[in-house]
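# Analysis of the macromolecular model
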Amino acid sequence: MTLKPFPFAVLLLLLPATAGAADITGVPKIREADQIVIGNSRIRLGGVDAPSVDQLCLNNSGERWTCGVAARDELIKHAGHKSWTCHTRSTDRRGHIVARCEVDGEDIQKWLVSSGWALAYIRFSKDYEADEKAAREAKAGMWQGAFIAPWDWRVRNKKTAILGAAKAPENANAILLASASGSVAPSPDCTIKGNVNRSGECIFHQTTSRWYAKIQMKISKGTRWFCSVEEAEAAGCRETKR
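Residues numbered from 1 in each chain as written. Predicted model: local features only at pLDDT ≥ 70, side-chain atom pairs only at ≥ 80, totals over all residues. Heavy atoms only, no water.

### A word on the overall build of the protein chain
Test applied: Numbering of helices and strands runs from the N terminus, with a helix taken as a DSSP run of H or I at least four residues long and a strand as a DSSP run of E at least two residues long. Should any heavy atoms of two residues lie within 4.5 Å, those residues are counted as being in contact.
Each helix and strand counted, the protein chain has 7 helices and 17 strands in total. Of the contacts formed within the protein chain by residues at least 6 apart in sequence, a portion of 57% connects residues at least 24 apart.

### Description of the pairing of strand β9 (residues 97–103)
Here is the rule: Exposure classes here rest on a 1.4 Å probe applied to the protein chains alone. A residue is buried below 20% of its type maximum, exposed above 50%, and partly exposed in between. One requirement defines pairing of two strands: DSSP has to find at least two bridges between them.
Within β9, 5 of the 7 residues are buried, leaving the element largely enclosed by the surrounding structure. Here 6 bridges tie strand β8 (residues 84–91) to β9, and the two strands are oriented antiparallel to one another. By the bridge assignment, Thr85 is partnered in β9 with Glu102. Here β8 folds back onto β9, and the loop between the two strands holds 5 residues, one of which, Gly95, carries a positive phi near 90°. Relative to strand β10 (residues 106–107), β9 is paired through 2 bridges, and the arrangement is antiparallel. Considered in β10, the bridge of Val103 is made with Glu106. Counted along the chain from β9 to the antiparallel partner β10, the turn is 2 residues long, and its residue Asp104 has a positive phi close to 50°.

### So, the state of the cysteines
Disulfide: a covalent bond connecting the sulfur atoms of a pair of cysteines. Convention followed: Cysteine sulfur atoms that pair up within 2.5 Å are treated as a disulfide.
All chains considered together, the criterion is met by 4 disulfides. The disulfide that involves Cys190 links it to Cys227, with 2.0 Å between the sulfurs. Across the S-S bond linking Cys190 and Cys227, the dihedral sits near 85°, which makes this disulfide right-handed. Here Cys190, found in the loop between α6 (172–180) and β14 (192–196), pairs with Cys227, found in the loop between β16 (224–226) and α7 (229–234); they are 37 residues apart in sequence, far enough to count as distant. With respect to class, Cys190 is no different from Cys227; both count as buried. For the protein chain, the disulfide bridges join cysteines in the arrangement 1-2, 3-4, 5-7, 6-8, where the cysteines are counted in sequence order.

### Remarks on the environment of Val98
With respect to the element layout, Val98 can be found in strand β9. As for Val98 and Ile43, which are separated by 55 residues in sequence, their C-alpha atoms are 5.9 Å apart. Excluding residues that lie within four positions of it along the chain, Val98 makes contacts with Arg44, Gly46, His87, Thr88, Arg89, Ser90, Thr91 and Asp92.

### Re the environment of Thr208
The residue Thr208 is located in the loop between β15 (202–205) and β16 in this model. On the basis of relative accessible area, Thr208 is assigned to the exposed category, the value being 75%. Placed 34 residues apart in sequence, Thr208 and Arg242 show a C-alpha to C-alpha distance of 9.2 Å.

### Re the nonpolar core
We count it as follows: Only buried Ala, Val, Leu, Ile, Met, Phe, Trp, Tyr and Cys residues count toward a nonpolar core, and they belong to the same one when joined by side-chain atoms within 4.5 Å.
Counting residues in hydrophobic clusters, the biggest one holds 37 residues, and the most contacted among them are Ile36, Ile43, Trp84, Cys86, Cys101, Ile108 and Leu112. Residue assignment for this core shows that the elements contributing at least two residues are β3 (35–38), β4 (41–45), α2 (67–79), β8, β9, α3 (108–114) and β11 (119–120). Counting residues per element, this core draws most heavily on α2, at 5 residues. When neighbours within four sequence positions are excluded, Ile43 is seen to be in contact with Ile24, Asp34, Gln35, Ile36, Ile38, Cys86, Ile97, Ala99 and Cys101.

### Brief notes about helix α4 (residues 129–138)
Inclusion rule: Taken from the helix axis, the directions to the C-beta atoms give the arc we talk about.
If you check which residues of α4 are buried, you get Asp131, Glu132 and Ala135. What you see down the axis of α4 is that its buried residues fit within an arc of 100°, all on one side. Looking at α4, the residues exposed on the side facing more than 90 degrees away from the buried face are Ala130 and Glu137. Looking at the packing, one finds that the buried side of α4 touches α3 and β11. Looking one or two residues past α4, Lys139 carries a phi angle of roughly 55°, positive in sign.

### Quick word on unusual backbone geometry
With a phi angle near 50°, Asp104 is a residue other than glycine that sits in the positive phi range. With a relative accessible area of 68%, Asp104 lands in the exposed category. Even without being glycine, Lys139 reaches a positive phi, approximately 55°. In this structure, Lys139 sits in the loop between α4 and β12 (146–147). According to the relative accessible area criterion, Lys139 is partly exposed, its value standing at 49%.

The structure is reproduced here in structure tokens:
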């Protein structure tokens, strides 16, 4: 018996829908200022880059403050209990849905950048450049003092640029780099220690680890603080076996 080929239109109906075919709607769990979860969907806000919750900045008095935690908490206060609509654009290499989100018609990414809680991620989008300029001139959010761009914070070194609306203190670079792996966790939310073993493998230790107290947090040793197991694993680290 000869099988007749399916009409093309029928084949299209049998194909699964793509990830970006439908909007995602619901009240989010806000993990970081640019990372949320709605239902089972992990969403990254596209076109912007916000500080991770372990990131520290300097205020206008040159004092360290937890700008990453502040950015997350300000977003929670602004729209954390409302229903969001996220228009999916793509999926990143970590499996997060990249989307543009709005609440009651307001562009959340635009609000984050104009409030100084995120930067325009011009490597991927120039939609929020004007909003970043306005935030810098108003010394809003992170722009009140000195800070490292979120994308530089993740790979920081002695050559990392310091940003700010005004001239940064002479010791800003040393303070910000040292704070990343200082002996004291950057915030009560970020107490997981990550270090690199002799084989070059990244290992993370929760407070219950037998090695936790013995790990000295120094950036020269490749250590860093994590705020969640998910964040540590996303950075390519595995949990210690002891």
